[in-house]
Amino acid sequence: MIILPAIDLKDGKCVRLRQGRADDVTVYGDDPAAQAKDWADQGGQELHVVDLDGAFAGTPKHAEVIARIIKAFGGPVEVGGGIRTPEALNAVIEAGATRAIIGSAALEDPEFLTQALELYGDKIAVGIDARNGFVQTKGWVETTKTLATDLAAAVAKAGAKTIIYTDTATDGMLGGPNLTQMAAICDAAPTCQITASGGVSSPFDVENLKALERPNLRAAIVGKALYDGRTTLRDMNIAAI
């Protein structure tokens, strides 16, 4: 399993939200590129970046910052947040992102997702965010009536090869991932590589994910626990081996 440290961007700064709430923000630094280099120096193999302002606004807001992050990290970087048009998608790819994450648009504009997959193939990841099993959109502001497992199956059928699943109720809460739902997502999209996000905050959590014994569970994203010093990237990487 691969551990991806996370950089969430708001107003040009590194932040973390509790359960995705824009009014519950902790700022961890005002130099995201320096943070990216630090994650690389600590042994980060890949990096997960989310433009939170872009997610809420529906269009990316941190193009220049993201380009600096990608350059500073020097390895594979996946980027999401507000990618809902061909122009936004192209900009992220041209900035050097290894994968562009399509979130809300995967549910609301399946034709856009299909076109993106036809054009960029494995450079496209689908971000599925859900609470109590139901998909949330627009920066987790709206909860739909679509089951996350149904969306996972649909995007896999459309040709997606990577799904990043975030359990929004556990995100930023440091209480461990939703293992039952994670297993269900893996089973719903067996042809996709799945990345776990939300609540992954200790080597023990990584061990629990591995214990699910889902061969397509490829990676886990860790954010707040690293920033708060509750664990280290080195310890998480060791647990992931």
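Quantities reported herein were computed from a predicted structural model and do not represent experimental measurements.

## Focus on the overall build of the chain
Within the chain, the secondary structure is distributed over 11 helices and 12 strands. Here the C-alpha radius of gyration of the chain, 16 Å, is about what a compact globule of 241 residues would show, namely 18 Å. Each principal axis of the C-alpha distribution contributes one length, and for the chain these read about 40 × 40 × 30 Å. Looking at the chain residue by residue over its 241 residues, the buried ones come to 53%. Nonlocal contacts in the chain, meaning residues at least 24 apart in sequence, comprise 67% of its contacts between residues at least 6 apart. Accessible surface computed for the chain: about 10,100 Å², of which carbon and sulfur atoms make up 49%. A distance of 2 Å separates the average location of the 23 positive side-chain charges in the chain from that of its 31 negative side-chain charges.

## Brief notes about the packing of helix α9 (residues 203-210) against helix α11 (residues 233-240)
Contact geometry for α9 and α11: axes closest at 9 Å, N-to-C directions at 20 degrees. Taken as axis vectors, α9 and α11 run roughly parallel relative to one another. Between α9 and α11 lies a crossing whose hand is right-handed. The segment α9 lies against α11, with Pro-203, Val-206, Glu-207 and Lys-210 engaging Asp-235, Met-236, Ala-239 and Ala-240.

## Thoughts on the pairing of strand β11 (residues 193-197)
Consecutive residues of a regular strand have side chains that alternate between opposite faces of the sheet. Counting buried residues in β11 gives 4 out of 5 residues, a clear majority hidden from the surface. In terms of strand pairing, strand β10 (residues 162-167) meets β11 through 5 bridges, oriented parallel. Bridge pairing links Ile-163 to Ile-194 in β11. Handedness of the crossover joining β10 and β11 through helix α8 (residues 179-188) is recorded here as right-handed. As judged from the 3 bridges shared by β11 and strand β12 (residues 217-222), these two strands associate in the parallel manner. Paired with Ala-196 across the two strands is Ala-220, which belongs to β12. Handedness of the crossover joining β11 and β12 through α9 is recorded here as right-handed.

## Side note on the side chain of Lys-10
Along the chain, Lys-10 turns up in strand β1 (residues 2-10). If we skip the residues at most four places from it in the chain, Lys-10 touches Val-15, Ala-22, Val-25, Leu-52, Asp-53 and His-62.

## With respect to the packing of aromatic side chains
Ring pairs (aromatic) are described by centroid distance and by the angle formed between their planes. If you walk through the whole model with that rule in mind, you get 2 aromatic pairs. Each ring, one from Trp-39 and one from Tyr-227, has its centre 5.4 Å from the other, and the planes form 80 degrees; the classification is edge-to-face. On the criterion of sequence distance, the pair formed by Trp-39 in helix α1 (residues 32-41) and Tyr-227 in helix α10 (residues 224-227) is long-range, its members being 188 residues apart. Taken as a pair, Trp-39 and Tyr-227 share a single burial class, namely buried. Clustering of aromatic rings is evident, with ring pairs tying together Tyr-28, Trp-39 and Tyr-227.

## Some points on empty space enclosed by the protein
One pass over the full model with this rule turns up 1 cavity of 30 Å³ or more. If you add up the space inside the largest cavity, you get close to 660 Å³. Forming the boundary of the largest cavity are 46 residues, of which His-48, Val-50, Asp-129, Trp-140 and Thr-166 lie nearest the centre. In terms of residue class, the lining of the largest cavity is built from 21 nonpolar, 18 polar and 7 charged.

Criteria and thresholds
- Residues numbered from 1 in each chain as written.
- Predicted model: local features only at pLDDT ≥ 70, side-chain atom pairs only at ≥ 80, totals over all residues.
- Heavy atoms only, no water.
- Helix = DSSP H or I, 4+ residues; strand = E, 2+ residues; numbered from the N terminus.
- Rg over C-alpha atoms; globule rule 2.2 N^0.38 Å.
- Buried < 20%, exposed > 50% of the residue type's maximum accessible area, 1.4 Å probe, protein only.
- Contact = heavy atoms within 4.5 Å.
- Areas by Shrake-Rupley, 256 points an atom, 1.4 Å probe, with all protein chains shown as cover.
- Lys, Arg positive; Asp, Glu negative; His and termini not counted.
- Charge placed at Lys NZ, Arg CZ, Asp CG, Glu CD.
- Axes fitted to C-alpha atoms, helices over the stretch in contact; angles between N-to-C directions.
- Parallel < 35°, antiparallel > 145°, perpendicular 65-115°, else oblique.
- Left-handed = near helix turned anticlockwise from the far one by under 90°.
- Pairing = 2+ DSSP bridges.
- Right-handed = clockwise from strand over helix to strand, strands pointing away.
- Phe/Tyr/Trp six-rings, centres within 6.5 Å; stacked < 30°, edge-to-face > 60°.
- 1 Å grid on protein atoms, 1.4 Å probe; cavity = no way out; pocket = protein on both sides within 12 Å on 5 of 7 lines; lining within 4 Å.
- Points joined across faces, edges and corners; volume = space filled by probe spheres on them.
- Nonpolar A, V, L, I, M, F, W, Y, C, P; charged D, E, K, R; others polar.

Keep in mind these values describe shape, not function.
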